[in-house]
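# Architecture at a glance
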Amino acid sequence: MAKPIPLIERYREFLPITDATPIISLGEGGTPLVKASNLPRVLGVPELQIHFKLEGLNPTGSFKDRGMTLAMSKALEAKASAVICASTGNTSASAAAFATKAGLPCYVLLPAGHVALGKLAQAILYGAKVVPIDGNFDQALDLVRELAEHCQITIVNSINPFRLEGQKTAALEVIEQLEKAPDFLFIPVGNAGNISAYWRGFKLGKSSGRSDSLPRMCGFEASGSAAIVRGKVIEKPETIATAIRIGNPASWQEAERAASESNGLIDEVTDEEILAAYQLIARTEGIFCEPSSAAGVAGLIKHLKKGTVSSDATVVCVLTGNGLKDPDTPLKVSKPDLTPVAANLKSLREAIGL
Ligand code: F0G
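Residues numbered from 1 in each chain as written. Predicted model: local features only at pLDDT ≥ 70, side-chain atom pairs only at ≥ 80, totals over all residues. Heavy atoms only, no water.

### Remarks on helix α3 (residues 64-77)
For α3, built from 14 residues, the straight-helix expectation of 20 Å at 1.5 Å per residue is met to within 8% by its first-to-last C-alpha distance of 20 Å. Counting buried residues in α3 gives 12 out of 14 residues, a clear majority hidden from the surface. Within the span of α3, buried status applies to Lys64, Asp65, Arg66, Gly67, Met68, Thr69, Leu70, Ala71, Met72, Ser73, Lys74 and Ala75. Taken from the residues just after α3, Lys79 is the one with a positive phi, measuring 60°. (Helix = DSSP H or I, 4+ residues; strand = E, 2+ residues; numbered from the N terminus. Expected span 1.5 Å × (residues − 1). Buried < 20%, exposed > 50% of the residue type's maximum accessible area, 1.4 Å probe, protein only.)

This is the structure in structure tokens:
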């Protein structure tokens, strides 16, 4: 069987590594780009080419692993003694896993009561020291920065420059898989690192001759946390999409530049729009992403209605995290009748109407 090539090896020429960098890999990257079969027709635009980048198939179930492999490798190279992050959940799961692989202690600060169960479970089981904070993500990140001024500890949030460098590889993969850059990229925005990283990757793809064009970058915040859209810090961010429940995005400026340089946009979508898209992706395409990941698709639906996207465009939607991370939301949105049926044929036939 062919050995999986670590992401860092595959894109070595584009990454800040040397022969001395120890590579900490869990088999990240190389995620599928799957073309939608039914959604365009359901949306009334059968000619639209929608592709999903399934980042939930990374080893810890989110796109964070692309940045974490590099951040952790560089931390080890720099002889770090421990790593720390604030997180809405996915960064903590990824940091915990890669830190364990690297043999480093890991501390994670989480906004208490606002992290999906699967992410918390991961951070705990991978062996991180989990500290729930009586505050939101922005406060947790401020605390992490403050602590790092006093202690020898490496921050592995996306303010660590190696994180976005690793994450930009996703755009290079999209170009390889489509054999061109898409016309549009639709992506959720929380701390605004990933949209910034993709834009770096697409620009690199063009400058290195891998693609002839650049996509329009379309990022979507949740309405209750839409700091960039509103042009002001949101002190009390709220949304069902807990992964992007962030009121003061760290990569704010770079994300705005990505949108403006690409003739794209940063807009908002409501929780209702996010949950509708979340269910639609599952029911039309058989893809289970987490609610936050559906924000990009909700944005696509919104902008199809507005006419921003032509009906025969090639569109990539980044599905940033695996739906299994958040086992509670499906039951809340679907309210299925799970009353047990007697174990006999008659009752079964009655129950399913066959
Ligand atoms: N989608 C998911 C599933 C996420 O976990 C995040 C961010 C985003 C989208 C937004 O990406 O922050 O680069 O704009 N999660 C971070 C975390 C904040 O702590 O796991 P972004």
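From this point, the narrative continues.
### A word on the site of the ligand
Taken together, 20 residues are adjacent to the ligand, and Ser87, Asn191, Ala192, Asn194 and Thr320 come closest. Thr88 places a polar main-chain atom, nitrogen or oxygen, 2.8 Å from an oxygen atom of the ligand. Between the ligand and the protein, one listed contact pairs an oxygen atom with a backbone N or O atom of Thr91 at 2.8 Å. Considering only residue class, the shell around the ligand consists of 7 nonpolar, 11 polar and 2 charged. Each of two domains, domain 1 (7-58 + 163-332) and domain 2 (64-161), supplies a minimum of three residues to the shell around the ligand. (Near = heavy atom within 4 Å. Polar contact = N/O pair within 3.5 Å; in protein donor to acceptor, adjacent residues only side chain to side chain. Nonpolar A, V, L, I, M, F, W, Y, C, P; charged D, E, K, R; others polar. Domains from an automatic or database assignment.)

### Quick word on the pattern of salt bridges
Tallied over the full model, the rule gives 18 salt bridges. A salt bridge links Arg66 to Glu55, with the shortest nitrogen-to-oxygen separation between them at 2.5 Å. Of the two residues, Arg66 is situated in helix α3 and Glu55 in the loop between β2 (49-54) and α3; the sequence distance between them amounts to 11 residues. The same class applies to Arg66 and to Glu55, which are both buried. Among the salt bridges present, the one from Glu173 reaches Arg66, with a minimum N-O distance of 2.8 Å. Residue Glu173 is located in helix α8 (residues 169-178), and its partner Arg66 is located in helix α3; the two are separated by 107 residues in the primary sequence. Note on Glu173: relative accessible area 2%, which makes it buried. Judged by relative accessible area, Arg66 falls into the buried class, the value being 1%. A single salt-bridge network, built from bridges that share partners, covers Arg10, Lys53, Glu55, Arg66 and Glu173. (Salt bridge = Lys/Arg side-chain N within 4 Å of Asp/Glu carboxyl O.)

### Section: the state of the cysteines
Any covalent bond linking the sulfur atoms of two cysteines counts as a disulfide. Counted by the stated rule, this structure contains 0 disulfides. Considering cysteine sulfurs only, Cys218 is the nearest to Cys317, which forms no disulfide, with 9.7 Å between them. For Cys317, a relative accessible area of 1% puts it in the buried group. (Disulfide = S-S within 2.5 Å.)

### Overview of a nonpolar patch on the surface
Taken together, the side chains of Leu345, Leu348, Ile352 and Leu354 present a nonpolar region at the surface, about 440 Å² in accessible area. On the secondary structure map, Leu348 appears in helix α15 (residues 345-352). (Patch = residues over 30% accessible without salt bridge, like charges linked within 9 Å, V, L, I, M, F, W, Y side chains within 5 Å. Areas by Shrake-Rupley, 256 points an atom, 1.4 Å probe, with all protein chains shown as cover.)

### What about the domain arrangement of the chain?
The domain boundaries assigned to the chain delineate domain 1 (7-58 + 163-332) and domain 2 (64-161). Taken residue by residue, the interface counts 44 residues in domain 1 and 39 residues in domain 2. Both sides together, the interface formed by domain 1 and domain 2 hides about 3300 Å², and carbon and sulfur atoms give 55% of it. Ranking the residues of domain 1 by area buried against domain 2 places Ile24, Arg163 and Lys325 at the top, with a combined share of 29%. The tally of links between domain 1 and domain 2 comes to 3 salt bridges. Where domain 1 meets domain 2, there are 23 residue pairs in polar contact (both at pLDDT 80 or more). Mapped onto the side of domain 1 that touches domain 2, the elements with two or more residues apiece are α1 (7-10), α7 (161-167) and α8. Top contributing element to the side of domain 1 that touches domain 2 by residue count: α7, with 5 residues. (Contact = heavy atoms within 4.5 Å. Buried area = accessible area lost by both parts, 1.4 Å probe.)

### A look at the nonpolar core
By size, the foremost hydrophobic cluster in this structure holds 35 residues, and its most contacted members are Leu48, Phe52, Phe186, Val297, Leu300, Val309 and Val315. Broken down by secondary-structure element, the contributors of at least two residues to this core are β2, β7 (184-188), β8 (216-222), β9 (265-269), α12 (271-285), α13 (295-306) and β10 (314-319). Per-element accounting of this core gives the leading share, 6 residues, to α13. Setting aside chain neighbours within four positions, we find Leu300 in contact with Leu48, Ile50, Phe186, Val309, Val315 and Cys317. Val174, Leu185, Val189 and Ile234 belong to the second-largest nonpolar core, a separate cluster that totals 26 residues. (Core = buried A, V, L, I, M, F, W, Y, C linked by side-chain atoms within 4.5 Å.)

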